[in-house]
Amino acid sequence: MKKGNNVLIIVIIVVLLVALLAGGFIYIFFATDILKSDEKLFYKYLAQIVSEEDGFVEQNIEKLKDKKKQNPYENSGSLTIQTELPKDMEDLANEVNELTFKFSGKTDNINKKTEKEFIVDYGNDVTFPVIYKHIDKTFGLQIKPIGSNKFIAIKNENLKEFLEKLNVTDTTNIPDEIDFSEIEKNIKFTKEEKEQLKEIYSPVLKEQLTKNNFTGMKKSDGEEYVLQLNGEQIKNLIVKLLEATKQNTLLIDKLNEYISQINEDNSDITLTTENVDNMISSINDVDGSEIQNLKITLVQKNKKLNKIECEYGDNKLTVTKINENDKLSYNVNLEIKNTQTTTDEQDSTDDSDNDNSISYNTSVMSDMQLNLYMNIQYTGLQELNNVQEESQVGIALKEDDQNFKYEYNINNNVQFKDDVSIEEFDDKSTVILNNYNSRVLTNFMTQVLQRIVDVNKKQMQELGLEETENPILYSNPITILGIMIYRSSQSVVNDNTVDNLAKSEAEAYNQQFSHYKGDKKRGTEVNALITYVISKNLENEDNKKIEIKLDGNTIVSKEDKSAKAQADTSKLYNVTMEKSEDGYITEIIITEKD
C-alpha cells in the first residue's frame, strides 16, 4: 500500500479518535482512580461535550427541535450571499451579492401540514415567488410567474407507476412510497455496554496515555487543559485500540447497527475483524515520523467548557460557545493550510547520445489556506415562544494572490402558535400529476418547462443579463470552483481552447434540451421536443439554432417554421445530440428503436 494512502488512513482515524474520546469512552474515566490532576480535569471537561445535564450543546436547542415537532408555528426570514471572487469574475460576484432569498410560512407537524412562500429577489424589482405546500401525502408547488394560480402536486404513493409514465425505465430501486419519518442515526450504549467498554479500553488508555501527555494552565479568560501526542504515540495508541476492538466486537457490532440504519437498501456493507486487521496492517506500514502531532485543548470558565481546539499539524478546528443574557452562540472554524510542492517533468533534447533524456525541476507552486466556518446565535431559548435564529456559513479560500469567499447569512424568526390555518388541496386549486396518463404528463411538463424558460429569459433581460446568466446558477461555490479549476487546467492548452466561462454558459443553456436525450423515448415526447426546438430556433442567434434528423432525414432545418415529419406516437425512439466547438447543441439525431 502506498505511504500516501496510509497517511490518509491515519488522518481519518485521528478524527475518529477525537470523536470517540468525546463520546462513548468518556464513561471509562469516571469511577476510577487512574487519573491524576491535569488528566482528570481534561477528561472532566471533555465529558461536558456529550453530557445531557451540563453539556456543551445546550438542552434548550433540543427542546426547540422537539417543540417544532409537537407544536404549530410560523416563521419568516431571509438568506443573503456575500462573495469575493477573482477580479475577472467581479461582475458575476456583484450579481450574486444582489440576490436575496426570502421565506415565510406556517408549519403543523402533528397534522402533517406545511405551507411556505419562497421569493427569489434579484434586485431592481425583479422577483420570482413560489409557494410550497405539503398536506399529508401530497406535495405541491404554486408558481404564479408562469401564469398559473394552481398548485402542481404529486402524491407520495404509487411512485413506480408515476415515474414510468415519465418514461423512467429503471424503477427497480424506487419505492412506491417514500418514508420521510426521521431515523435516529446515532450509536447508543446501554449502561451494561458502557461497563463493557470500560473493561475493553481502559487498560489500553491507561498504558498509552500517561500524565506526561497532559498539561494545564490558568489564563485570564479561564483555564485550559491540553492533551498532546506525537506521531509515534498516535500510531501506537490507534493500533492498540484496534487490537482491543478486534478481541471484543462490541464496537464493531454497534457500528454495523448504525450502518444498517443509514443504508437500509444495501445490507452488504458491514465491518468485520478482517477489516480491522487490514487497518492495523496499513497503520503499521506508516513511519511514525510521517504522522503529524495532535493537540487537543479544552478551555473552561466558571466550571463550564466554552472552547474546544483540535490541532493536527498546521490544521486547526476551533469550536467556541458563548451563553449570556438569553443569547446562545456557537462559532465553528476549520482552518486547513497546505503548501503544494510539485515535480515538473520536462523532455530535454540535445546532441548527446541520450536523445530521450528527461530533466526534473521541483518547485513550490502555491500556498493555500482554506477556512470553513459556521456561526449561529439563538435568542429567546429560555421562554421558547419567539426564537430568533441567526447564522453565517462560509467558505474562504486563499491561494497565492487570489481570494475566494462565499458567505451565507441566514436569519429565521420562529413564533409558536396555538393553531395555524393551512387550506387543504382541492380539485379547483390543484393539479395532481399522478392522475394523468403519459401523453398528457409529457405535454404538460414540456409546457411548464417552456414557461419557466420564457420567464427566466424575460427577467434576465430586465437585469441586463443573458438567459444563461441567472445568478442562482452561481450562488453556490461548487459551480464557481469548477469554472476556476477548468480555467486553470485549460490555461496551458493551445489558443484554440474554448473560453471556459462561455462553455459553462453553453452547458447551462443545453439543459433545456438534454432531458429529452436517451433511449426508449416515446413518440409523444419526441414530438414535444421537435415543437420546442422550432420555437427556440425562431428566437435564437445562429450559433444556438438546432437541426433535427429523424431516421437519417432532416425534418427541421435552422430556418424551418414547421417540421417536415413527426414521430410515430405508437413507437419508441433513441435521441442523441451533437455539439459545436463552442459547446452548444447544434444537431439532434432521432432514430426509431428496434
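Reference entry: report on the structure contained in this document. (Residues numbered from 1 in each chain as written. Predicted model: local features only at pLDDT ≥ 70, side-chain atom pairs only at ≥ 80, totals over all residues. Heavy atoms only, no water.)

## Re the environment of K68
And then number 1: Along the polypeptide, K68 turns up in helix α3 (residues 59-70).
And then number 2: A sequence separation of 346 residues divides K68 from V414, and the C-alpha atoms of the two residues are 9.2 Å apart.
And then number 3: Sequence-distant contacts of K68, that is, excluding residues within four places in its chain, are made with Y73, N109, E389, V414 and F416. (Helix = DSSP H or I, 4+ residues; strand = E, 2+ residues; numbered from the N terminus. Contact = heavy atoms within 4.5 Å.)

## Describing the sheet that holds strand β20 (residues 572-579)
Within a beta sheet, neighbouring strands are joined by backbone hydrogen bonds and run either parallel or antiparallel to one another.
And then number 1: Judged by pairing direction, the sheet is mixed, and its 5 strands sit side by side in the order β17-β20-β21-β18-β19 without closing on themselves. Every interior strand has two partners, whereas the edge strands, β17 (518-522) and β19 (553-556), have only one. Strand-to-strand, the axes of this sheet are offset by a mean angle of 35°, without reference to chain direction.
And then number 2: Both strand β18 (residues 547-550) and strand β21 (residues 585-592) contribute to a ladder of 4 bridges, which runs parallel. Each residue of the ladder has a partner; that of E547, found in β21, is E587.
And then number 3: Running over the sheet, helix α13 (residues 523-537) touches β17, β18, β19, β20 and β21 and is turned about 100° from β17. (Pairing = 2+ DSSP bridges. Axes fitted to C-alpha atoms, helices over the stretch in contact; angles between N-to-C directions.)

## Here we look at unusual backbone geometry
And then number 1: The residue N158 is not glycine, and still its phi comes out positive at about 50°.
And then number 2: Mapped onto the fold, N158 is located in the loop between β6 (151-155) and α5 (159-165).
And then number 3: For K520, which is not glycine, the phi torsion reads 55° and is therefore positive.
And then number 4: As for its position among the elements, K520 is in strand β17.

## Let's talk about the pairing of β6
And then number 1: Bridge analysis of strand β5 (residues 138-142) against β6 gives 5 bridges, and the strand direction is antiparallel. Across the sheet, residue T138 finds its bridge partner in β6, namely K155.
And then number 2: Relative to strand β16 (residues 430-432), β6 runs parallel, the two being bridged by 3 bridges. Bridging from a neighbouring strand, F151 pairs with T430 of β16.

## Some points on the environment of S220
And then number 1: Within the secondary structure, S220 is located in the loop between β7 (214-219) and β8 (222-229).
And then number 2: As a C-alpha pair, S220 and K301 span 81 residues in sequence and 9.7 Å in three-dimensional space.

## Here we look at the pattern of salt bridges
And then number 1: Per the counting criterion, the structure on display carries 18 salt bridges.
And then number 2: E525 is the salt-bridge partner of K521, the closest N and O atoms lying 3.8 Å from each other. E525 carries the same exposure label as K521, and that label is buried.
And then number 3: When the shortest N-O distance is used, the salt bridge between K549 and E587 registers 3.3 Å. (Salt bridge = Lys/Arg side-chain N within 4 Å of Asp/Glu carboxyl O. Buried < 20%, exposed > 50% of the residue type's maximum accessible area, 1.4 Å probe, protein only.)

## With respect to the nonpolar core
And then number 1: Core analysis: the largest hydrophobic core is formed by 49 residues, its most contacted members being F42, L209, L298 and L381.
And then number 2: For this core, the element with the most residues is helix α7 (residues 231-247), which contributes 7 residues.
And then number 3: Non-local contacts of L209, meaning those with residues more than four positions away in its chain, are made with E39, Y43, F214, L227, L229 and L237.
And then number 4: Of all hydrophobic cores here, the second largest spans 25 residues; its members include F513, Y532, V556 and M577. (Core = buried A, V, L, I, M, F, W, Y, C linked by side-chain atoms within 4.5 Å.)

## So, the packing of helix α6 (residues 191-208) against α7
Relative orientation and spacing of two packed helices are given, respectively, by the angle between their axes and the distance between those axes.
And then number 1: Running from N to C, α6 and α7 cross one another at 160°; their axes reach a closest spacing of 10 Å. When the axis of α6 is compared with that of α7, the two are roughly antiparallel. Along this stretch, α6 crosses α7, giving a crossing that reads as right-handed. Between α6 and α7, the residues in contact are I200, Y201, V204, L205 and Q208 and N236, L237, K240, L241, A244 and T245, respectively. (Parallel < 35°, antiparallel > 145°, perpendicular 65-115°, else oblique. Left-handed = near helix turned anticlockwise from the far one by under 90°.)

## Quick notes on the packing of aromatic side chains
And then number 1: In the structure shown here, the tally under the stated rule is 9 aromatic pairs.
And then number 2: Relative to Y330, the ring of F56 has its centre 5.8 Å away and its plane inclined at 65°; by these criteria the two rings are edge-to-face. Placement of the pair is F56 in the loop between α2 (37-47) and α3 and Y330 in strand β12 (residues 327-347), with a sequence separation of 274 residues.
And then number 3: We classify Y330 as buried; its relative accessible area is 9%.
And then number 4: On the numbers, 5.6 Å between centres and 65° between planes, the contact of Y509 with Y584 is edge-to-face. Residue Y509 is located in helix α12 (residues 500-514), and its partner Y584 is located in the loop between β20 and β21; the two are separated by 75 residues in the primary sequence.
And then number 5: For Y509, a relative accessible area of 3% gives the class buried.
And then number 6: Through a chain of ring-to-ring contacts, three or more aromatic side chains come together here, namely Y509, F513, Y532 and Y584.
And then number 7: Of note, K67 hangs over the ring of F416, and the distance from its end group to the ring centre comes to 4.6 Å.
And then number 8: Above the ring of F425, the side-chain terminus of K133 is found at 5.3 Å from the ring centroid. (Phe/Tyr/Trp six-rings, centres within 6.5 Å; stacked < 30°, edge-to-face > 60°. Lys NZ or Arg CZ within 6 Å of the ring centre and 35° of its normal.)

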